[in-house]
Amino acid sequence: MDEARSAVLDRGRLESALARPQNAAAYEDADIVRQAATFFWGVAANHAFRDGNKRTAASCSGRSST
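Summary of the structure given here. Fair warning: this is a prediction, and the values are worked out from it, not measured in the lab.

The rules behind these values
- Residue positions are given per chain, counted from 1 along the sequence in the order it is written.
- Residues qualify for local features only when their pLDDT is at least 70, as the model is predicted, and side-chain atom pairs are given and counted only at 80 or more; totals for whole chains, interfaces and linings, by contrast, use all residues.
- Side-chain figures throughout are based on the complete set of non-hydrogen atoms in the structure, without hydrogens or water.
- Salt bridge, as used here, is a side-chain nitrogen of Lys or Arg placed within 4 Å of a carboxyl oxygen of Asp or Glu.
- Labels follow the DSSP assignment, with helices taken as runs of H or I lasting at least four residues and strands as runs of E lasting at least two, numbered in each case from the N terminus.
- Under the scheme applied here, a residue whose accessible area is under 20% of the maximum for its type counts as buried, over 50% as exposed, and between as partly exposed, the area being computed with a 1.4 Å probe on protein chains only.

For the structure shown, the criterion picks out three salt bridges. A salt bridge links Glu 15 to Arg 11; the nearest nitrogen and oxygen atoms lie 2.8 Å apart. Residue Glu 15 and its partner Arg 11 are both found in helix α2 (residues 11-28); the two are separated by four residues, about one turn of the helix. For Arg 34, the salt bridge is made with Glu 28, and the minimal N-O distance between the two is 3.4 Å.

Pasting the structure below:
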């Protein structure tokens, strides 16, 4: 658990990425695919992790990061 906590650079940025799909659902009537894309973009763009923001987003989506 401590290892996961130390990987987070900015908790606020991570929470913002987690809130994006909820916001898209409420205000854009986004379907689940759009919500997932919004989440993955938020993780990659917000740079909430110490290392590997793009790799983390790709890993969450099941896609290769290369």
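To continue, consider unusual backbone geometry. The backbone of Asp 29 shows a phi angle near 55°, a positive value even though the residue is not glycine. Mapped onto the elements of the fold, Asp 29 is located in the loop between α2 and α3 (32-46). For Asp 29, a relative accessible area of 71% gives the class exposed.

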